[in-house]
Amino acid sequence: DRSCSGRQKRRLKVCAAWRGCCQAMDELTMQLSEIIQTKNVLPALKAANKKQLLQELAHHAAKRTGIDARAIFEKVLQRERLLSTGLQGTAIPHEKFAGLDRIHGFFARLVAPIDFESDDEQPVDLVFLLLSPEGAGGDHLMALARVSRVFRDAQIVNKLRGTEDAAGLYAILTEPAASTPHAA
């Protein structure tokens, strides 16, 4: 058993608190089908590291949102430097941007897990990028809560890891068990 430094313990507590907050928000409803489209599902993304992954996601997101890829990459990377969103082999990088009219979701299933600088030190292979309008406060938190709920469900995560096509991944992400509160 490896012991954690004080900083790692604090960060793990923040992650646990965040997951608890997301669980409390399950009373609110938001369907993943409201924020992601099949064309925003990347079923076999290749990335050697966290930085390359975020660059790939930013490039894809830029094509769908009209926001500059470099701006997306830099802002999401800056947010990730504050506190990694990786936990238990999954990650939910997120940020708010001026100029967006709605929340956009992008899902990537990685060909091989990568080091995401997660506090639990588990490599990440499932990533859901959320980009929200600047003023999306509550909706942004509801979207994060919904994605977090999906990633907390071991059955759904196993289905996602075992599915290799975009349509299949989209169906899993948006099926009622993944999108409704109190499921799982």
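Residues numbered from 1 in each chain as written. Predicted model: local features only at pLDDT ≥ 70, side-chain atom pairs only at ≥ 80, totals over all residues. Heavy atoms only, no water.

Draft legend 1. Up close: the side chain of His140. Structurally, the position occupied by His140 is in helix α4 (residues 137–152). Residue His140 is classed as buried on the basis of its relative accessible area, which comes to 5%. Separated by 2.6 Å, the side chains of His140 and Ser132 make a polar contact. Filtering out sequence-adjacent residues up to four positions away, His140 remains in contact with His94, Glu95, Lys96, Ile103 and Ser132. (Helix = DSSP H or I, 4+ residues; strand = E, 2+ residues; numbered from the N terminus. Buried < 20%, exposed > 50% of the residue type's maximum accessible area, 1.4 Å probe, protein only. Polar contact = N/O pair within 3.5 Å; in protein donor to acceptor, adjacent residues only side chain to side chain. Contact = heavy atoms within 4.5 Å.)

Draft legend 2. Looking closely at unusual backbone geometry. Positive phi values are uncommon outside glycine, yet Glu117 reaches one of about 60 degrees. The residue Glu117 is located in the loop between β5 (104–114) and β6 (124–133) in this model. Of the residues examined, Glu117 reaches a relative accessible area of 51% and is grouped as exposed. The backbone of Glu121 sits at a positive phi, close to 65 degrees, despite the residue not being glycine. Looking at where Glu121 falls in the secondary structure, it is placed in the loop between β5 and β6. For Glu121, a relative accessible area of 43% puts it in the partly exposed group.

Draft legend 3. Representation of helix α5 (residues 154–162) in the model. Among all positions of α5, only Ile156, Val157 and Leu160 are buried. Each buried residue of α5 lies within a common arc of 100 degrees when the element is viewed along its axis, so the set occupies one face. When the buried face of α5 is taken as reference, the exposed residues oriented beyond 90 degrees from it are Ala154, Gln155, Asn158 and Gly162. N-capping of α5 is provided by Asp153, with a side-chain oxygen placed 2.9 Å from the backbone N of Gln155. (Arc of directions from axis to C-beta.)

Draft legend 4. The arrangement of the confidence of the model for the chain in detail. Summary statistics for the chain give a mean pLDDT of 87 and a share of 80% for residues scoring 70 or more. Scored below 50 in pLDDT, residues 22–27 shows 15 contacts in the model against residues more than four places distant or in partner chains. (pLDDT = per-residue confidence, 0-100.)

Draft legend 5. Here's a closer look at the pairing of β5. Counted residue by residue, β5 has eight buried out of 11 residues, so it is predominantly covered. Pairing analysis gives three bridges linking strand β1 (residues 41–45) to β5, with the strands arranged parallel. By the bridge assignment, Leu45 is partnered in β5 with Leu110. Across seven bridges, β5 lies against β6 in antiparallel orientation. Residue pairing across strands places Gly105 opposite Leu130, the latter belonging to β6. (Pairing = 2+ DSSP bridges.)

Draft legend 6. Here's a closer look at helix α2 (residues 50–65). Taking 1.5 Å of rise per residue, 16 residues should cover 22 Å, and α2 covers 22 Å from first to last C-alpha, within 8% of that figure. If you check which residues of α2 are buried, you get Lys50, Leu53, Leu54, Leu57, Ala58, His60, Ala61, Ala62 and Thr65. Looking at where α2 begins, the residue whose side-chain oxygen comes 3.2 Å from the main-chain nitrogen of Lys51 is Asn49. Backbone geometry just downstream of α2 places Gly66 in the positive-phi region, at approximately 85 degrees. (Expected span 1.5 Å × (residues − 1).)

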